[in-house]
Amino acid sequence: NKILILIDGVQINELNSGGFYGGGQYNLANVERIEVVYGPASVIYGTNAVSGIINIITKSTKREPVFFANALFGNFNTYYTDVNFNYYNDEKDMGFLMSGMYKTTEKVDLTGSAGDYNWTDEMENFENDYSFDTKFHYKTFSAGINYQNRQSSTATHYPSVGTIYRDYGTLWNMQFINAYIKHKYKINEKLSIKTTLYNRNATVLANSVKIVTDTAQKAYFRPNYLLGAESIINYRYKEKLYATGGLIYEYEKLANGYSNTYSNSPDIKPPKPVMPEMQGNTLFSTFAQMQYKLPFNFQIVAGLRFDNSSFYKQVLTPRVGIIFNAKNTTLRVLYSEAFRAPKPWDYTDGLGNIDLKPEKMETYEFSGMYSFGKYIRAEISVYKNYLYNALTKKFINANYFWDNQGNINTDGVEFAFNYGKRNLKFYGNYTYNYSSDENGLLIPEIAIHMANLGTTYSFFKYISINLRANYIGRRKNTKTITQTGTNFIEPAVIFHSTLSVLKYKNADIQLIVKNLLDTKYYHTSNLEPERYRQPQRTIMFKLGYRVNNFKPKK
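Residues numbered from 1 in each chain as written. Predicted model: local features only at pLDDT ≥ 70, side-chain atom pairs only at ≥ 80, totals over all residues. Heavy atoms only, no water.

This part is about the pattern of salt bridges. Within the structure shown, the criterion is met by 19 salt bridges. When the shortest N-O distance is used, the salt bridge between Asp411 and Lys384 registers 2.9 Å. Pair noted here: Asp411 is in strand E22 (residues 399–421) and Lys384 is in strand E21 (residues 376–396), with a separation of 27 residues, a long-range link. With a relative accessible area of 35%, Asp411 lands in the partly exposed category. With relative accessibility at 38%, the residue Lys384 sits in the partly exposed group. It is possible to trace a salt-bridge network through shared partners that takes in Lys2, Arg340, Asp346 and Glu359. (Salt bridge = Lys/Arg side-chain N within 4 Å of Asp/Glu carboxyl O. Helix = DSSP H or I, 4+ residues; strand = E, 2+ residues; numbered from the N terminus. Buried < 20%, exposed > 50% of the residue type's maximum accessible area, 1.4 Å probe, protein only.)

Laid out in structure tokens, this is it:
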């Protein structure tokens, strides 16, 4: 809940907890590019933009008409299909786009020893994903809807062997609906205004059954809604000054928690839960940020944001930095602050605590980038983060509540390089990240060392092969693992590869292999199971076909 996810600039994070749902529900066939901003970005984006933001930009309506579709199948009963169509009229400056996707998979086999003997052979570990995007623009107006539905098993939340829990019959049904209307007005060459009205819906649907025991099923329902409006002003004066500022108003209606119902049999669905108790939050925000060019290739960056919420009151967030930008070199020194606001989930969870304050983070960063000619680029970043007022779970006998008593200190270094010339591309990066709490203890679930390497070689015009490796360092677990006798997850190197034939007579063919060497590796756990085996070797075949310059008959 400290990373912010956006689609076309509209936040997609789950409204009640502030977190985002990782899964296969993102329609990657409709993605033009993905923008990643590392570190605090609350001056522009507000709450949750603490560790960084990921902005998924969908394909533009302003391009030649095209129809294309993809289909994929692989082991673990993995099937996928998408269909995409867009139309653009250049004379009227009008266009629209539609894209839909469906995916289903059983993900990973966790029966027997693969799941540390936590689950039976009847275990269900599925995920079904549905996504639909549509966009429309007419001159300076645009509108869009993004729909996502992620349905998955929750059998992995509890061991079933030797317990009352069953590892089949569960369903977690999460729905996201984002809609927006935008208007961009260009006053002159220097000044423009962009206004956006948006609606967000993030609901755990009422047919969700998280728990099935030997005697009952338990249903969950949690709706959340948000309406918002923002107006952003951009001003540019030659190459000397760039400034942006805005006003944001939001009203959200959030559930205090889940409403639940029960059945009296493990084979009978519970009745539909009623509407839970809801809370309203009104948020008014304003921000300004400018970048001013100084002599000798220096620039100064400064920004400030003010948020006033009926939940968490006032928050002031600054940002300041100096940038040096020459022909092949860019250097930055930045100081930033960010915050993550408590949500009803935090206020009411367990015994509840109405006095919670926003979590805040201060970041000091030095970064540099140097280009060795046209083909090689190297980057380095050194940073120090201090997170305070961190929400920490406090226990009173068998009960708990959240309180602002935690601190996290992080020291980090990142290296990255890219090489690209003709048919060969190569990249690599390494991250050192040491995070400890107020007592100097290592923060669980965060690897100190992480690295990635990848290369793509293209030959015979249409054919390319990609090989990449991910190194995940040793991580502290939240509990001792019975199978190993330690509370650490061992490091692992995982290889992936893709062989592609692209744009050959309007067809794309790919052979995709994930976890190429079938490496046995695990993820940490903050639930009842002690650790989680990650996916075994997965082989998939993908076929796509497109019709370019598709124009309906007049």
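Where like charges cluster on the molecular surface, the negative patch consists of Glu106, Asp109, Asp121, Glu122 and Glu124. Structurally, the position occupied by Asp121 is in the loop between strand E7 (94–105) and strand E8 (127–138). (Patch = residues over 30% accessible without salt bridge, like charges linked within 9 Å, V, L, I, M, F, W, Y side chains within 5 Å. Areas by Shrake-Rupley, 256 points an atom, 1.4 Å probe, with all protein chains shown as cover. Lys, Arg positive; Asp, Glu negative; His and termini not counted. Charge placed at Lys NZ, Arg CZ, Asp CG, Glu CD.)

To describe a pair of aromatic rings, you give the distance between the ring centres and the angle between the ring planes. Inspection of the entire model under this criterion finds 22 aromatic pairs. Both rings, one in Tyr370 and one in Phe372, keep their centres 4.7 Å apart while their planes meet at 80°; by these two values the pair is edge-to-face. Assessed through its relative accessible area of 36%, Tyr370 is described here as partly exposed. Take Phe372: its relative accessible area is 48%, and that puts it in the partly exposed class. When the centroid spacing of 5.5 Å and the interplanar angle of 20° are considered together, the rings of Tyr386 and Tyr388 count as stacked. Residue classification places Tyr386 among the partly exposed residues on the basis of a relative accessible area of 30%. Among the aromatic residues, those joined into a cluster by ring pairs are Phe85, Tyr87 and Phe96. In this structure, Lys210 packs its charged tip against the face of Trp172, placed 5.9 Å from the ring centre. (Phe/Tyr/Trp six-rings, centres within 6.5 Å; stacked < 30°, edge-to-face > 60°. Lys NZ or Arg CZ within 6 Å of the ring centre and 35° of its normal.)

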